[in-house]
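If you want the building blocks of each chain, they are given just below.
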Amino acid sequence: MRRLADGGRLDRSTTLAVTWDGREIEAHPGDTLASALLAAGITEVARSTVHGRPRGIVSAGAEEPCAYVQVDAPRSEPLVAATLVEAVDGLVAAPLAGFGRLAGDDLERHDRRHHHCDVLVVGGGTAGAAEARRAAAAGLRVVWAERDTGPLPDLGDDALCLSRTTAVGSYDDNLVMLVERVSSTRRRMWQVRAGEVVLATGAHERPLVFAGNDLPGVMLAGAARTYLERFALVPERAVVFTTNDAGTETAEALRAAGAAVTLVDARAGHAVVAAEGEGRLRSVLVAPIATPADAERVECELLAVSGGFEPVLDLHRHRRGGVRWDAPRACFVPHGTVRNQRIVGTAMGDGLPTVAALWLVPGGEERHAYVDLQRDVTVTDLRRAVGAGLESIEHVKRYTLVGTGVDQGRTAKTNAAAIAAGLLGREIAEIGTSTTRPPVEPVSFAVLAGRARGPRFEPVRTTPIHAWHVNHGAVFEDVGQWKRPWYYPQPGEDMDAAVLRECAAARTGVAMMDASTLGKIDIQGPDSAEFLNRLYTNSYDTLRVGRCRYGLLCRADGMVFDDGVVTRVAEDRFFATTTTGGAAAVLDWMEEWLQTEWPELRVHLTSVTEQWQTVAVVGPRSRDLLSSAFGAIDFSNEAFPFMTFRDTTFHKRFPARVSRVSFSGELAYEVSVPSDAGRLLWLGLWKAGEPLGVTAYGTETMHVLRAEKGFVIVGQDTDGTVTPIDLGMDWIVSKTKPFVGRRSLTRPDTARPDRKQLVGLLPDDPSVRLDEGAQLVLDPEQAPPVTMIGHVTSSYRSAALGRTFALALVRSGRERLGEPVYSPGADGITAARVVEPVFYDAEGLRRDG
Amino acid sequence: MAESHPDLLWSSPEPRGSYDVVIVGGGGHGLFTAYYLAANHGITNVAVLERGWLGGGNAVRNTTVIRSNYLWDESAAIYEHSLKLWEGLAAELDYDILFDQRGVLNLAHNLGDAREGVRRVNANRLNGVDAEWLDADGVRAFCPVVNTDPGIRYPVLGATLQRRGGIARHDALVFAVARAAAGLGVHLIQGCEVTGIEVTDGAVRAVQTNRGRIAAGRVGLCAAGHSSVVAGLAGVELPIQSHPLQALVSELLEPVLGCVVMSNAVHVYVSQAHKGELVMGAGIDTYNSYAQRGSFHVIEHQMAAALELFPIFARAHVLRTWAGIVDVCPDASPIVGGTPVDDLFVNCGWGTGGFKATPGSGWVFAWTLAHGEPHELNRSFSLERFETGALIDEHGAAAVAH
Amino acid sequence: MLLIPCPYCGERDEVEFRYGGAAHVSYPEDASAADDREWSRYVFYRPNPSGRFCERWVHQHGCRRWFNLVRDTTTHEIAGSYAIGQETSA
């Protein structure tokens with residue numbers, strides 16, 4: 001093809017530097033990569049995926065089955081249709097053989113916009129324009145989207161008119177996804193919720209199936225016309241092979257532009273039975289359909305074909321909108337409607353020409369007659385599928401891969417269904433067409449991810465004290481969304497050394513931990529005690545005001561769900577803590593019971609996790625530290641006993657609560673202040689502690705200290721299959737009152753005495769630490785499958801014990817006290833002895849200091 | 001003509017009035033059940049009744065991940081049995097199903113994940129299932145495109161690796177087993193919807209279909225997402241909820257990912273199929289549905305998650321998204337066994353992970369239908385467990401999405 | 001993404017809500033009196049119809065209130081919503 005001296009919608013005053021396969025080619029604003037390639041005389045732009053055959057440019061739009069290229073600049077993208085790539089200065093692209101290349105991360109951050117409107121019109125053609133204008137004139141809020149470069153006319157302030165924008169997916173309740181090409185490198189995804197959706201998506205042309213129909217130079221007739229009228233490209237010699245009037249019109253237009261045109265009209269009983277050429281089209285064989293052997297050779301550089309038209313109904317089909325076969329126009333047209341959606345214009349089939357359907361041109365070699373140019377599926381392949389006994393078009397699709405290419409099989413599906421129907425001796429209307437799924441056009445992962453990249457993928461939660469932890473060298477661990485200090489290594493320390501030091505400080509001096517991430521729920525209302533009674537395994541109506549109680553929650557299946565301390569602040573007010581990871585789930589769960597099951601209870605639940613910051617102060621010198629920080633409180637055991645609290649003020653203006661609770665067995669306190677004062681509190685306590693040699697500790701030390709006492713961590717020592725009884729916590733399970741999950745504990749399997757039970761383990765070699773997750777067996781010599789009796793849930797080195805120890809869930813564990821168990825690992829067998837799961841201060845003498 | 005065709009997969013017979021065994025549901029599980037009934041138990045008077053087209057449900061909608069590294073003994077036994085069958089399937093069925101044991105990584109992103117990963121590896125090994133624990137360096141060496149930068153939002157702390165795990169081509173599996181079953185005389189009846197199940201004196205007698213009444217000695221239900229509906233025809237209730245599970249593919253790409261990578265914490269599982277496309281799955285949509293479609297925000301989140309782990313995928317395109325309907329059990333384990341109705345058996349609840357189990361599920365279910373009682377491998381996967389409490393909870397501990 | 005009519009706030013995107021499964025499933029009056037079968041029905045069995053379904057949602061990122069919704073599980077079409085404790089209205 002050559003470019004005419006004038007004409008087309010091109011800005012010829014500007015020449016763009018476009019590089020194709022290492023070679024500079026000329027383009028103007030208004031060109032696509034495809035038109036620039038054709039203007040440069042380049043016809044082969046890709047190799048086919050399976051057969052490796054040369055392929056050219058078939059269309060001028062999104063239906064393109066062949067011209068998929070690699071774009072390297074300005075925005076690297078694999079496997080994009082050259083027909084949709086706008087020519088820009090610096091465009092660099094290269095041919096592909098069906099497989100894209102990934103060139104690293106996309107550092108562009110693509111926007112996401114949400115929009116609501118009364119009417120969304122998809123399509124900028126005549127029908128779409130009329131609909132958009134009408135809606136805007138009626139005062140409705142309109143979104144109007146057109147894939148092409150536009151621009152669209154202004155429809156006023158209440159209308160959002162987006163060109164270069166493709167509607168890629170339609171979802172329930174008229175949520176439609178639009179992708180706008182904001183620049184050559186940036187995309188913006190619009191999520192539009194529309195009262196009504198109007199589809200004016202038009203139709204595209206369909207090729208014909210004959211031998212050699214994949215040669216570069218074979219093009220859809222409408223595309224040839226577009227390249228002529230919009231891009232001023234005209235062939236020297238063309239053949240137009242058509243089944244309908246649209247092809248005839250193309251022939252006339254090409255002729256008027258100076259091309260030598262031969263018209264082959266199937267309606268007149270003639271067909272192109274084969275296209276010929278090495279690497280590109282050189283000639284075609286034209287013959288009467290009835291006698292294909294009587295062929296005549298016609299030389300040409302372009303073969304423009306029209307097999308008919310296909311209404312573009314992807315968005316209708318995404319919503320399970322139906323279609324029916326329309327025989328005169330030989331295409332599927334909408335059948336029935338989707339709620340709050342209309343289809344107008346050509347997409348309805350309106351104005352499409354009558355077609356003399358010609359599905360398989362006789363006379364040529366079927367193995368070179370391509371039904372799907374994208375996936376290299378030929379008539380031979382379809383014949384084989386049908387011969388294999390396949391009758392469903394879905395099976396034919398999966399057997400041959402017809403219609404599954406990057407082009408979604410746009411130009412292939414109807415031909416495939418019709419030819420398969422013919423081979424089966426059935427009607428295409430019976431066979432139907434395979435499903436269409438979003439997106440309409442490929443959308444890059446980066447565009448879908450939008451700005452949810454890196455730190456914005458999911459938010460990180462930190463406490464107001466976080467900067468202090470960072471400055472003091474904390475190593476962090478992720479707990480839920482939180483970053484929590486795991487341990488604070490000092491110069492030269494590894495993790496073990498740091499944790500042993502932190503543990504020793506807590507057991508012998510005083511240590512502090514940021515406990516702010518624990519979930520906190522404020523429970524208010526006259527029925528609060530009754531509410532908690534129904535949920536927790538133990539009772540709260542008996543808890544006196546001013547006191548705290550440890551509590552356990554089970555789900556209805558009787559398995560431990562969460563734990564924490566519940567404080568009775570007033571007759572009608574409680575304050576409950578939860579695990580860090582379980583905070584949201586516990587509140588949600590409480591709300592669910594309250595609202596759906598017991599709406600008669602007068603209770604209100606509020607999350608105050610982020611309103612209060614909490615610091616745990618632990619160790620025999622913790623009383624000294626707090627006495628120094630809160631002089632107004634009498635911290636003696638008598639005045640301030642275990643499991644009680646005192647309200648006071650901090651820095652004279654912040655309310656503060658000091659609770660005497662202990663997760664380590666040591667004398668310990670938790671101090672809570674409003675979040676504004678959280679950092680001040682930490683600094684204040686630290687200052688008060690410095691003369692006492694206060695040490696900061698992290699979650700690992702907390703875990704060691706609690707494990708030495710046999711206190712469980714829900715989610716570590718439990719896994720959703722463990723009951724309170726399994727944990728040996730019968731003492732906290734009420735025998736008298738009902739609570740959620742209680743009935744499950746008496747089911748036959750749940751009540752078995754030989755369930756896995758929490759026990760302690762002491763490795764025979766006190767320097768060996770068992771792996772957390774190590775499985776336990778009785779016979780380490782047994783061949784697989786080995787009988788496993790349990791596993792290690794927690795395992796540490798203990799500063800206080802001067803040795804290693806572990807917690808484990810072991811079948812009939814409580815009957816095995818004193819007995820040996822073995823852990824076969826990759827590095828050999830570790831022997832250990834089953835013991836009571838309390839390793840330190842079993843008498844509880846240390847908690848009062 | 002078709003009968004003599006060299007590529008013949010199956011023919012489409014008219015249903016007989018009666019069969020020894022009727023299988024309801026012509027997906028992978030139903031087809032393998034029929035195949036093993038014929039191949040292992042000599043029961044060939046069998047019909048598979050399929051409402052649509054064979055394999056048209058989850059069999060061809062899944063992401064084809066195959067592994068057996070489950071935590072609990074019962075699960076490890078049945079999935080490992082299945083994996084061993086996979087290893088001999090191409091030869092047994094004489095069909096290239098593109099089974100490729102390229103290895104499956106389950107990533108750990110926090111200390112809890114790592115603990116559970118180690119636990120599972122240890123349990124797998126003792127159960128005779130191959131399993132390895134890799135640290136972050138090991139993950140990088142095995143799968144260089146995973147982002148192991150310790151500074152990312154959910155850093156990779158390590159992973160379990162099952163080298164014998166991998167992928168296969170789901171369409172080929174359906175073609176292969178359907179051909180094998182049909183070749184042994186099983187009737188594969190498509191476009192046949194079961195509209196009623198006749199129960200007399202507490203025992204199943206026949207099914208009613210849109211193609212007439214079909215009497216049956218025993219009936220096996222393999223209806224996956226529609227199990228509740230089909231079992232309901234016999235008055236049998238199941239503890240199943242049906243949810244959409246979405247998946248997607250990219251365009252064909254040059255080789256970039258050589259193994260299967262799964263991450264529960266970041267909600268991604270991905271592999272690159274033989275043809276070259278990336279195949280990814282998401283978490284289930286939360287609501288009940290039979291509509292075979294899900295919500296867009298699930299896909300958005302999945303893409304963001306995928307790019308956290310694989311920045312190199314940023315420029316790949318989503319070509320097609322779709323959804324299957326998965327039958328989810330309260331303990332994320334299947335139900336394979338009898339029902340309160342005599343001679344009526346059910347095979348369901350495979351949830352998001354049924355593909356890997358396809359041959360194993362068919363094998364044990366065929367045994368169950370042949371003997372009228374469960375095989376040792378599926379004895380624990382009974383309906384009764386929901387009354388006794390002997391659940392096989394693969395949610396938390398296996399820590400994987402499917 | 002569904003467009004869910006919260007009875008208290010109006011129509012909002014699905015991402016603001018959390019799903020709660022079947023509606024109208026009550027905790028047994030006296031759980032301790034339930035036999036194993038009855039109890040398992042409460043804990044593990046829920047209706048799972050293909051078609052019209054009464055289900056519960058909570059407007060998690062809105063008013064935080066639970067309500068019931070009637071939705072078709074084959075089309076996702078929503079017939080209406082109503083308060084907890086009310087009988088099906090749609």
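Refer to the structure above for everything that follows.
For the structure given in this document, a descriptive report is provided here. The structure displayed is predicted, hence computed values, not measured ones.

**Side note on the pattern of salt bridges**
All names here are of chain A.
No. 1: In this structure the tally under the stated criterion is 90 salt bridges over all chains.
No. 2: One salt bridge in this structure joins Asp-624 and Arg-621, with 2.8 Å as the shortest N-O distance.
No. 3: On the basis of relative accessibility, which here comes to 35%, the residue Arg-621 falls in the partly exposed class.
No. 4: Three or more residues joined by partner-sharing salt bridges are found here, namely Glu-108, Asp-111, Glu-180, Arg-186, Arg-188 and Arg-451.

**Digging into the interface of chain C and chain B**
No. 1: Each partner contributes to the interface: chain C provides 23 residues, whereas chain B provides 23 residues.
No. 2: Of the roughly 2000 Å² buried at the junction of chain C and chain B (both faces included), carbon and sulfur atoms supply 53%.
No. 3: Three residues stand out in chain C for area buried against chain B, namely Phe-44, Tyr-45 and Asn-48 of chain C, and they jointly supply 34% of the buried area on that side.
No. 4: Seen at the junction of chain C and chain B, the total is one salt bridge.
No. 5: With a shortest N-O distance of 3.8 Å, Arg-41 of chain C and Glu-237 of chain B are connected by a salt bridge.
No. 6: Counting residues per element, the ones that place at least two in the side of chain C that touches chain B are α1 (36–44) and β4 (52–58) of chain C.

**Points about the interface of chain A and chain B**
It is common to report an interface's size as the accessible area lost on association of the parts.
No. 1: Between chain A and chain B, the residue contacts involve 85 residues of the former and 76 residues of the latter.
No. 2: Summed over both sides, the interface between chain A and chain B buries roughly 7300 Å², with carbon and sulfur atoms accounting for 58% of that surface.
No. 3: Put simply, Arg-293 of chain B and Asp-172 of chain A hold a salt bridge, and the shortest N to O gap is 2.7 Å.
No. 4: Where chain A meets chain B, there are 35 residue pairs in polar contact (both at pLDDT 80 or more).
No. 5: Here the side of chain A that touches chain B is composed, by residue class, of 36 nonpolar, 25 polar and 24 charged.
No. 6: As defined by bridge partners, strand β30 (residues 443–444) of chain A adjoins strand β16 (residues 317–328) of chain B across two bridges and the pair is classed as antiparallel. Paired with Val-443 of chain A across the two strands is Val-318 of chain B, which belongs to β16 of chain B.

**Focus: the packing of aromatic side chains**
No. 1: The full count for this structure, using the stated rule, is 45 aromatic pairs over all chains.
No. 2: Taken together, the ring pairs in this structure connect Phe-531, Phe-561, Trp-589, Trp-593 and Trp-598 of chain A together with Tyr-27, Trp-39 and Tyr-42 of chain C into an aromatic cluster.
No. 3: Lying across the ring of Phe-561 of chain A, Arg-555 of chain A places its NZ or CZ 3.9 Å from the centre.
No. 4: The positively charged end of Arg-646 of chain A is found above the aromatic ring belonging to Phe-640 of chain A, 4.8 Å away from the centroid.

**Points about helix α8 (residues 413–424) of chain A**
All names here are of chain A.
No. 1: The end-to-end C-alpha separation of α8 is 16 Å, in line with the 16 Å expected for 12 residues at 1.5 Å each.
No. 2: Of all 12 residues that make up α8, nine are buried, and the element is covered over most of its length.
No. 3: Directly after α8, the chain includes Gly-425, whose backbone phi takes a positive value near 70 degrees.

**Structural notes on the packing of helix α3 (residues 221–229) of chain A against helix α4 (residues 245–256) of chain A**
All names here are of chain A.
No. 1: Relative to each other, α3 and α4 sit at 30 degrees, their axes nearing to 9 Å. The orientation of α3 with respect to α4, classified from their angle, is roughly parallel. Between α3 and α4 the crossing geometry is left-handed. On α4, the residues touching Ala-221, Gly-222, Ala-224, Arg-225, Leu-228 and Glu-229 of α3 are Gly-247, Glu-249, Thr-250, Ala-253 and Leu-254.
No. 2: Across the contact of α3 with α4, the residue classes break down as five nonpolar, three polar and three charged.

**Observations regarding the sheet that holds strand β5 (residues 66–72) of chain C**
No. 1: Strand order in the open sheet formed by four strands is β3-β4-β5-β6 (chain C), and the pairing between neighbours is antiparallel. Among the strands making up the open sheet, the edge pair consists of β3 (18–22) and β6 (78–83) of chain C. With direction set aside, neighbouring strand axes in the sheet form an average angle of 30 degrees.
No. 2: The pairing of β4 of chain C with β5 of chain C spans seven bridges and is classified as antiparallel. From the neighbouring strand, Trp-57 of chain C faces β5 of chain C, where its bridge partner is Phe-67 of chain C.
No. 3: Against the sheet, helix α14 (residues 583–597) of chain A contacts β3, β4 and β5 of chain C, and its axis sits at roughly 85 degrees relative to β5 of chain C.

**Regarding the packing of helix α6 (residues 379–387) of chain A against helix α7 (residues 393–400) of chain A**
The description of two helices packed together rests on the angle between their axes and the distance between the axes.
Residues and elements named next belong to chain A.
No. 1: Here α6 crosses α7 at 125 degrees, and the two axes come no closer than 10 Å. Looking at the two axes, α6 sits oblique to α7. When you trace α6 past α7, the crossing you get is right-handed. Each of Asp-381, Leu-382, Arg-384 and Ala-385 in α6 lies in contact with α7, whose residues at this interface are Val-396, Tyr-399 and Thr-400.
No. 2: Of the residues that constitute the contact of α6 with α7, the class distribution is four nonpolar, one polar and two charged.

Cut-offs used in this document
Residues numbered from 1 in each chain as written. Chains lettered and ligands numbered in written order. Predicted model: local features only at pLDDT ≥ 70, side-chain atom pairs only at ≥ 80, totals over all residues. Heavy atoms only, no water. Salt bridge = Lys/Arg side-chain N within 4 Å of Asp/Glu carboxyl O. Buried < 20%, exposed > 50% of the residue type's maximum accessible area, 1.4 Å probe, protein only. Contact = heavy atoms within 4.5 Å. Buried area = accessible area lost by both parts, 1.4 Å probe. Helix = DSSP H or I, 4+ residues; strand = E, 2+ residues; numbered from the N terminus. Polar contact = N/O pair within 3.5 Å; in protein donor to acceptor, adjacent residues only side chain to side chain. Nonpolar A, V, L, I, M, F, W, Y, C, P; charged D, E, K, R; others polar. Pairing = 2+ DSSP bridges. Phe/Tyr/Trp six-rings, centres within 6.5 Å; stacked < 30°, edge-to-face > 60°. Lys NZ or Arg CZ within 6 Å of the ring centre and 35° of its normal. Expected span 1.5 Å × (residues − 1). Axes fitted to C-alpha atoms, helices over the stretch in contact; angles between N-to-C directions. Parallel < 35°, antiparallel > 145°, perpendicular 65-115°, else oblique. Left-handed = near helix turned anticlockwise from the far one by under 90°.

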